[in-house]
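Each chain is listed here by its residues.
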Amino acid sequence: MAEVLALVEARLSTALGEPDARAAVTFLGTDRIEVLRFTDHDQGLVRYASLGMSASPMADPTATLADPVAGPRAELVLTVRAGLADTDKVLRPLAVLAASPQVEGVVVAPGASLDVGEPLWPGAPFTSVLVAEPGGLVEDLDLDEPLDPVRFLPLLPMTQNEAAWKRVHGAAALQEKWLNSGTDLRDPLRRPVTFD
């Protein structure tokens, strides 16, 4: 599936510019996951994107046999404000999240919560992320039939309270709460939203 990953990297570079750093992580029994860093100096943002998650389709955990061709494919994209925290330490947690379909047999889709069980970077109040709807920053990448397109899923960091509230009220309600509170979801040091 090296061809798929080459197309994915080309799509990321077209949308975000050339990566200025990359790191690779391999977990026992999984394919290698890379995390690319793209710095947008004009907007003061840094973006981290997984590369490797889309090499294989995500399999339904209830299926007896995993289909090696058909099934959803995705990569993860995290955007934060540059220079406010040591966010480069997110490389390993992001690779862990990108490996979760292979390791845990989960299908990562919009509205899902993913938790790494530790701060995403030193001092971060976030240990989990909300998977948002794709299509805004990086367009889906169509592959030749019968392969599903690769979707680039934005990740929104959540505090433990926000994640707990989301479990009860749903992803849409949490996103509405963030919107109504004027929450800057790109601020790596942001305070948690307050719940009445």
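Please refer to the structure placed before this passage.
What counts and how
Residues numbered from 1 in each chain as written. Predicted model: local features only at pLDDT ≥ 70, side-chain atom pairs only at ≥ 80, totals over all residues. Heavy atoms only, no water. Pairing = 2+ DSSP bridges. Helix = DSSP H or I, 4+ residues; strand = E, 2+ residues; numbered from the N terminus. Axes fitted to C-alpha atoms, helices over the stretch in contact; angles between N-to-C directions. Contact = heavy atoms within 4.5 Å. Salt bridge = Lys/Arg side-chain N within 4 Å of Asp/Glu carboxyl O. Buried < 20%, exposed > 50% of the residue type's maximum accessible area, 1.4 Å probe, protein only. Arc of directions from axis to C-beta.

**Student:** Any chance you could break down the sheet that holds strand β2 (residues 33-40) for me, citing the residues and the numbers?
**Tutor:** With respect to topology, 7 strands assemble into an open sheet ordered β1-β2-β3-β4-β7-β6-β5, the strand pairing being mixed. Looking at strand neighbours, the two that pair on one side only are β1 (21-25) and β5 (113-115), the edges of this open sheet. The mean inter-strand angle of the sheet, taken between neighbouring strand axes irrespective of direction, is 25°. In the sheet, strand β6 (residues 128-131) pairs with strand β7 (residues 150-158) via 4 bridges, with the strands oriented antiparallel. Each bridged residue has a counterpart across the sheet, and for L130 the counterpart in β7 is L156. Strands β1, β2, β3 (45-51), β4 (73-81), β5, β6 and β7 of the sheet are contacted by helix α2 (residues 91-104), whose axis makes an angle of about 135° with β2. Here helix α3 (residues 160-169) sits on the sheet in contact with β5, β6 and β7, set at roughly 120° to β7.

**Student:** Describe the pattern of salt bridges, and please don't skip the residues or the numbers.
**Tutor:** All told, the structure shown has 9 salt bridges when counted by the stated rule. Across the pair E34 and R32 runs a salt bridge, and its minimum N-O distance is 3.5 Å. In this structure, R37 engages D88 in a salt bridge whose closest nitrogen and oxygen atoms are separated by 2.5 Å. Here R37, found in strand β2, pairs with D88, found in the loop between β4 and α2; they are 51 residues apart in sequence, far enough to count as distant.

**Student:** Tell me what's going on with helix α4 (residues 171-180), and back it up with residues and numbers.
**Tutor:** Looking at α4, one finds that the buried residues are A171, L174, K177 and W178. Projected onto a plane normal to the axis of α4, the buried residues spread over an arc of 125° and lie on a single side. Facing away from the buried surface of α4 by more than 90 degrees, the exposed residues are A172, E176, L179 and N180. The inward-facing, buried residues of α4 contact β6, β7 and α3. Downstream of α4 by a residue or two, G182 has a phi angle that is positive, lying close to 65°.

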